[in-house]
Every structure is written in C-alpha cells, then in structure tokens.
Amino acid sequence: MQRNHTIMQFFEWHIKADGSHWNCLKDDAPQLKQKGIDSVWIPPVTKGQSAEDTGYGVYDLYDLGEFDQKGSVSTKYGTKQELIDAIKACKEHDIAVYIDLVMNHKAGADATERFKVIQVDEKDRTKDISKPFEIEGWTQFTFPGRGDTYSSFKWNFNHFNGTDYDASQKRSGIFRIVGENKTWSENVDDEFGNYDYLMFANIDYSHPDVRREMMEWGKWLVNTLQCSGFRLDAIKHINHDFIKEFATTIKQEHGESFYIVGEFWNPELDGCRSFLDTVDYKIDLFDVSLHYKLHAASKEGKGYDLRKIFDETLVHSHPLSAVTFVDNHDSQPHESLESWIQDWFKQSAYALILLRKDGYPVVFYGDYYGIGGETPVPGKQIAIDPLLYARYHKAYGKQDDYFDHPNTIGWVRWGVPDIPRSGCAVVISNGDEGSKRMNVGKERAGQVWVDLTNTRKDRTTIGEDGFAVFPVNGGSVSVWALPEVDIGSGK
C-alpha cells in the first residue's frame, strides 16, 4: 500500500547566504526520506537582485547560479551544478522536488528607461491620482553576464504594467505604465481595488510576447532540472487565466502527475473556491484559512473552541485541493505576513495536519531545524519527529472524529491490513488535562497502547468492546498507538 505523502518546505528567510544550501539538501536527503518526507519545496532557484536575495527579488530567470551577475555566480543557495546534484540526490531517495516560481515581478534591472505613467492610490489602485507624466524607471533587463544563452529575450517597460520608483525624482509610489492595452489585469484579487501590482517591475501578462517567454521558460526549467513540480508564488496578483494556461501547458508537456501548488494568500474560502474554479483545478492551494485558525487557537488558548478548527477551511471543503501548513517563511516572526503559531500549540497544530486523512501537509524548515537571523528560534524536531513517525507508520484507514468538547478533541484512524500495527488515536487539549473515550475496534481488545509523543508515560489497554480512555495533558497532544514491540498483556 502507498504510504502517506509529506512535503518539507526546505528553507526559511534567514538561511545563511553562503551558497551552501543546495549541498545541505543533498546531504539531508537520506534522513528526510527516513523520516517519511517524500517531497521538498525548495526556494526560488533563479538569480536574485543580489547575492543575498532570497530569490523573491528575481532578476534573471535563466541564471540558476551559472553566470557572474549581481555580484556573484552562485545564488544565495548555491551554484547551478550544486542544485542539479541536490535534485539528483533527492530523486535517488524517491523525494520529489517542487521549485518555487516567482512570476509576478522582476527586480534589479540593468538600466533605466523613460516612459509615461499615471500614479494610482496605494489603497485603491483603480483610482488615478495624477495625469500622465514621464518617469525614469528601472525596467530594462539586458542580462550582460548571460547574454543570449538559453534565451535572447530582453525586457523593457513595454513588458511591464507598473513600477514603484521614479529614479529621476528619487521618489516611490505605485505608477501604472501608460500605453496601448496597458492596464491592470482584471483577473486578479480585488484587494486594494485591484491587486495586480505587488512590488518592483510588475510583469504584464496581457502582452503576448511576455506570455510566450514565460511559457518557454517554465518548460526549459523542468527540462533543465528534472524537477517534479512547482510552487507558484503570489498568484492572487497574476492574471488567473495565465495561471490556468501555464499549468495546463506544463502538464501537457510533462504529464498530469507534474505537481503544482499555488500561494493564493486569501483566508476567505469563497475567494479560494472561485480561483480553483477559474483554473479548472489544475493546481492545488495552500490552506491559508486553516493556518489562521491555528494561529487564532494558539493566541486564544482555552478560549478557542477546538470543535470549529476546521470550519470554513479549504481542507474541509476541498480536501483534494488543499495543501495544509502550520507556518512558513512569510508567517515567521518579523516577516510580511507574520502570524506565528505559538510554541505551546505548535505540536498540536502539526498533529492536526499530519495525522488526519485529508490534505497534503507541509513541515516548515524553520519549525524543524530552527530560524536564524538576529532573533533565532530553535527547531522543534523533537516535537515533530514523533508525528512524522505516526504519519508514516500509523495514520491510515477510516477516520472517526470525537469533536464533542470545546477544549478536548480527538480522532481515531482505524489502520489498514496492509500496514501492520497501523492505526492511532489522537487527543488534543487547549485547556486542562482531559481524556477521550474512543473506539479503535474490537479486534484490538487487550492491546496496550502508548503515547508516541512520550508526553504521557502511562499506558492504556483496549477494552473487550474496542473502546479505551485516551488521556492528554493540558495544552498538549498525545498520539496513542500500538508500539512496535508488544507491552504487558498486549497481543
């Protein structure tokens, strides 16, 4: 039987900019596979606007750490060859690699140009606050370090529909570029009136040459790196029709099994549903709604009703399209979407995504290995490893929920015959110490189960009727299962 699949987001914002990250991935691949991680989402592989850039300030899509541009040959994470070697190592251990694509904007232009713009209201981009006027914008990308290798396409202001800086006046703003067919895309999120513009030089997907170039680049990237999937960045700011076209084209080229997940950062479920309909379910989405519920639960403590933790979440309404996560690089402390789940609830939050039947869960590098930078956060590997173990070995089969108390919830996975000793019972408390009486099956009568998290040292024996009382400490999670070696009167 196929084992459960688990993604690791293999980076956080403060990875050291010493070019060693791809080598770390190569070295860690055997251990990741052993833990049950069978896919990794890696950061943008393309050259950023500086040697320290995380990859989201993308400069040259065809420079994977091969050309001397923006102060280095290597990207923040390593060279092109080191990247290829890391992906190869992952494949040798049956780990799929999903590459983060930044297709919304470009940064670090090689030269300025003069062109006409209209300044718009930053809070409502549909409102013009100026007449057309000329600015000097950083919009010319000629890639002198790469030349025409892989692509001869050079970018200029005609390929963008907005920018945020007038070099002639040294002033910032949101400037919509004026020209034939130049406008914000209508097929984007409607926050701020229209959320086509996010940052830097905003790529114009109404331009046929741009669409063609980005399509060709996507196909080139897969062929060059032999990756297994993409994570699409900031897609609520990109013409949704292009996202559908891009996903359709890539899957036609590389097969329906090529995996694509999009970052559509919208906690409102209706917006997510509408987007999935628009792109014809060609891609999955991160469950942002669930993330915010986990965040609220961690902040409110006993005041949060755990029975409602999955209400109005993507994993509840569209389980086959939901990628569940606890935290990521944007929600980590001091970042743009900071909404960090508090330590006391972190293990419980991971149990909620790793040990249930629905969703494709992601373990965040920053949670597992820790976060660097000026205010480091230690990793929680000791808390997460037992859950990864339970996901790989135990969390299979039918699921029965016992969501019948606001502060103590539980569920049972019944296990499957194909995976010996599978099945588990999970109990979470956000208040006082408690317990759940749950049914795990009469065939388990007499078995002695232990808490895989090692939080509870006691044991529980399954009754003749298949029921047992599964305890949990206050503000904690316990994962009860049959250990690999029988205990006491166990069978």
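Here goes a summary of the coordinates provided. Computed from a predicted structure; not experimentally measured.

What counts and what doesn't
- Residues numbered from 1 in each chain as written.
- Predicted model: local features only at pLDDT ≥ 70, side-chain atom pairs only at ≥ 80, totals over all residues.
- Heavy atoms only, no water.
- Pairing = 2+ DSSP bridges.
- Helix = DSSP H or I, 4+ residues; strand = E, 2+ residues; numbered from the N terminus.
- Axes fitted to C-alpha atoms, helices over the stretch in contact; angles between N-to-C directions.
- Phe/Tyr/Trp six-rings, centres within 6.5 Å; stacked < 30°, edge-to-face > 60°.
- Buried < 20%, exposed > 50% of the residue type's maximum accessible area, 1.4 Å probe, protein only.
- Lys NZ or Arg CZ within 6 Å of the ring centre and 35° of its normal.
- Core = buried A, V, L, I, M, F, W, Y, C linked by side-chain atoms within 4.5 Å.
- Contact = heavy atoms within 4.5 Å.
- Parallel < 35°, antiparallel > 145°, perpendicular 65-115°, else oblique.
- Left-handed = near helix turned anticlockwise from the far one by under 90°.
- Nonpolar A, V, L, I, M, F, W, Y, C, P; charged D, E, K, R; others polar.

Read across the sheet, six strands follow the order E20-E21-E22-E27-E24-E25 without closing on themselves; strand pairing throughout is antiparallel. Two strands close off the open sheet at either side, each with one partner strand: strand E20 (399-402) and strand E25 (459-461). Direction aside, the axes of adjacent strands within the sheet are offset by 20° on average. Where strand E24 (residues 448-451) and E25 come together, three bridges link them in antiparallel fashion. Bridged to Val450 within E25 is Arg459.

The next point concerns the sheet that holds strand E14 (residues 259-262). Read around the closed barrel, eight strands run E1-E2-E5-E13-E14-E15-E16-E17, paired in parallel fashion. The mean angle between the axes of side-by-side strands here comes to 25°, regardless of whether they run parallel or antiparallel. Where strand E2 (residues 39-42) and strand E5 (residues 96-101) come together, four bridges link them in parallel fashion. Paired with Val40 across the strands is Val97, a residue of E5.

A separate point is the packing of aromatic side chains. For the structure shown, the criterion picks out 37 aromatic pairs. Relative to Phe157, the ring of Phe115 has its centre 5.0 Å away and its plane inclined at 10°; by these criteria the two rings are stacked. Within this pair, whereas Phe115 is found in strand E7 (residues 111-121), its partner Phe157 is found in the loop between strand E9 (133-140) and strand E10 (160-166), the two being separated by 42 residues in sequence. Both rings, one in Phe242 and one in Phe246, keep their centres 5.8 Å apart while their planes meet at 35°; by these two values the pair is tilted. Linking Phe242 with Phe246, this pair stays in helix H4 (residues 240-254), spanning four residues, or about one helical turn. A single burial state applies to Phe242 and to Phe246, both of which are buried. In this structure an aromatic cluster arises from ring pairing among Phe11, Trp41, Trp265, Phe286, Tyr292 and Phe325. Over the ring of Trp340 we find Lys346, and its NZ or CZ is 3.5 Å from the ring centre. We note Arg356 situated over the ring of Trp411; from NZ or CZ to the ring centre the distance is 4.9 Å.

Take the nonpolar core next. Formed by 128 residues in total, the largest nonpolar core has its most connected members in Val40, Ile99, Met103, Leu221, Phe230 and Leu355. The dominant element in this core, judged by the number of residues it contributes, is helix H3 (residues 208-225), at eight residues. Non-local contacts of Val40, meaning those with residues more than four positions away in its chain, are made with Ile7, Met8, Phe10, Leu25, Leu32, Cys90, Ile95, Ala96, Val97 and Tyr98. In this structure, Ala425, Ile462, Val472 and Trp480 belong to the second largest nonpolar core, which totals 14 residues.

The next subject is the packing of helix H1 (residues 21-35) against helix H2 (residues 80-92). Where H1 contacts H2, the axes come no closer than 8 Å and their chain directions differ by 15°. The angle between the axes of H1 and H2 places the two elements in the roughly parallel class. At the point where H1 passes H2, the crossing takes the left-handed sense. Every residue of H2 that contacts H1 at Trp22, Asn23, Leu25, Lys26 and Ala29 is listed here: Glu82, Leu83, Asp85, Ala86, Ala89 and Cys90. Counted by class, the contact of H1 with H2 contains seven nonpolar, one polar and three charged residues.

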